[in-house]
Amino acid sequence: MSNIKQHWNDIFDNTQTEDLGWFDAENSQIKDFISRGCWLREDAKIFFAGAGTSSLVKDLSAQKRQLVINDISSIALERLKIELKASKSSCHWICQDVSRPISEQFGNLDLWIDRAVLHFLHDESDIQGYFDNLTGLLKPGGYALFAEFSKQGAAKCAGLPINRYDLAMLQQRLPEFSLVEHDEFLFTSRTGLERPYIIALFQKPA
Ligand SMILES: C[S@@+](CC[C@H](N)C(=O)[O-])C[C@H]1O[C@@H](n2cnc3c(N)ncnc32)[C@H](O)[C@@H]1O
């Protein structure tokens, strides 16, 4: 098992979802961006990069969607699987590093969502691999939504160094995509830690 997979498995093995520093019961900024900026069919195909045990997956599974749920941690995915048992959506599970090639069978995506995952990638080859997956798997006209630590954000999370983002860094990775909307917001954890985020929604050319 890779060190990084073990690192995340240890975290999920030892921490209840509500006690994770990044736990957000509402994900209101992400939901607002999706409802304002994305036109999605009822059966839209949505990819969650590094989904962890996010309540956002559960909330978006309430509709009849096709969810493609990725994480490097098998323990996180097993926990999410149990919680999604009664979901109306069809769920496909991909337990792997999101920067490694992902099969085309998971393509034709309407929306790619990343909350607090991309910012853990540092090597240029990993970042490039991540964006190759994103650009290749999204359908024409599909959306990519990022919520990452901003330049004012913390230097570390979950014991790992963070590659903090601004809008220009995201735009540089998606030169063909159009920017739909972006903003900055302050996420406050249950223990009172303040985490400045950038949030940005892009659309692939139709
Ligand atoms: C800070 S947590 C955020 C989890 C979730 N997106 C949320 O908002 O609750 C980061 C997540 O990314 C996963 N992760 C970290 N590096 C990854 C990688 N290279 N590929 C896939 N998942 C990764 C971790 O296992 C963890 O679930």
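Higher on the page you've got the structure.
About the thresholds
- Residues numbered from 1 in each chain as written.
- Predicted model: local features only at pLDDT ≥ 70, side-chain atom pairs only at ≥ 80, totals over all residues.
- Heavy atoms only, no water.
- Pairing = 2+ DSSP bridges.
- Helix = DSSP H or I, 4+ residues; strand = E, 2+ residues; numbered from the N terminus.
- Right-handed = clockwise from strand over helix to strand, strands pointing away.
- Phe/Tyr/Trp six-rings, centres within 6.5 Å; stacked < 30°, edge-to-face > 60°.
- Buried < 20%, exposed > 50% of the residue type's maximum accessible area, 1.4 Å probe, protein only.
- Lys NZ or Arg CZ within 6 Å of the ring centre and 35° of its normal.
- 1 Å grid on protein atoms, 1.4 Å probe; cavity = no way out; pocket = protein on both sides within 12 Å on 5 of 7 lines; lining within 4 Å.
- Points joined across faces, edges and corners; volume = space filled by probe spheres on them.
- Nonpolar A, V, L, I, M, F, W, Y, C, P; charged D, E, K, R; others polar.
- Axes fitted to C-alpha atoms, helices over the stretch in contact; angles between N-to-C directions.
- Parallel < 35°, antiparallel > 145°, perpendicular 65-115°, else oblique.
- Contact = heavy atoms within 4.5 Å.
- Core = buried A, V, L, I, M, F, W, Y, C linked by side-chain atoms within 4.5 Å.

**Student:** In this structure, what is going on with the pairing of strand β3 (residues 90-95)? I would like to understand it.
**Tutor:** Across a regular strand the side chains alternate sides, sitting on one face of the sheet and then on the other. Bridge count between strand β2 (residues 66-71) and β3: 6 bridges; the pairing is parallel. Bridging from a neighbouring strand, valine 68 pairs with histidine 92 of β3. Of the crossover connections in this fold, the one passing from β2 over helix α4 (residues 74-83) to the parallel β3 is right-handed.

**Student:** What am I meant to see in the packing of aromatic side chains here?
**Tutor:** For any two aromatic rings, the description comes down to two numbers: the centre-to-centre distance and the angle of the planes. Considering all chains together, one arrives at 12 aromatic pairs under this definition. Measuring from centroid to centroid gives 6.0 Å for phenylalanine 131 and phenylalanine 146, while their planes differ by 40 degrees, and the two rings are tilted. Within this pair, whereas phenylalanine 131 is found in helix α5 (residues 124-137), its partner phenylalanine 146 is found in strand β5 (residues 138-149), the two being separated by 15 residues in sequence. No difference in accessibility class separates phenylalanine 131 from phenylalanine 146, as the two residues are buried. Between phenylalanine 146 and phenylalanine 202 the ring centres are 6.0 Å apart and the planes differ by 75 degrees, which places this aromatic pair in the edge-to-face class. In this pair, phenylalanine 146 is assigned in strand β5 and phenylalanine 202 in strand β9 (residues 194-203), connecting sequence segments 56 residues apart. Classification of phenylalanine 146 by relative accessible area gives buried; the value is 0%. By relative accessible area, which is 1% here, phenylalanine 202 ends up buried. Ring pairs connect the aromatic residues Phe47, Trp112, Tyr130, Phe131, Phe146 and Phe202, which therefore count as one cluster. A cation over a ring is seen here: arginine 115 above phenylalanine 187, with NZ or CZ 5.1 Å from the ring centre.

**Student:** Looking at this model, I keep getting lost on empty space enclosed by the protein. Mind explaining?
**Tutor:** By rolling a water-sized probe across the atoms, one finds the places where empty space is left. Taken as a whole, this structure holds 1 cavity of 30 Å³ or more when the rule is applied. Counted as a void, the largest cavity has a volume near 30 Å³. Every residue lining the largest cavity is listed: Asp24, Asn27, Gln29, Ile30, Arg115, Ala147 and Phe185. Here the residues of the lining of the largest cavity are counted per class, giving 3 nonpolar, 2 polar and 2 charged.

**Student:** Help me understand the packing of helix α1 (residues 3-14) against α4 in this model?
**Tutor:** When two helices pack together, their arrangement is captured by the angle between the axes and the distance separating the axes. The contact between α1 and α4 brings their axes to 7 Å, and the two run at 45 degrees. By the angle between their axes, α1 is oblique relative to α4. Residues Lys5, Asn9, Phe12 and Asp13 of α1 touch α4, and the partners they reach there are Ser74, Ile75, Ala76 and Arg79. For the contact of α1 with α4, the class distribution of residues is 3 nonpolar, 2 polar and 3 charged.

**Student:** Looking at this model, I keep getting lost on the nonpolar core. Mind explaining?
**Tutor:** Across soluble globular proteins, nonpolar side chains have a tendency to be buried as a group. With 42 residues, the main nonpolar core has Ile34, Phe48, Ile69 and Leu111 as its most contacted residues. It is β5 that provides the largest number of residues to this core, a total of 4 residues. Excluding anything up to four places from it in sequence, isoleucine 34 contacts Leu40, Leu60, Leu111, Ile113 and Leu145. With 29 residues, the next largest nonpolar core counts Phe106, Leu138, Phe146 and Ala200 among its residues.

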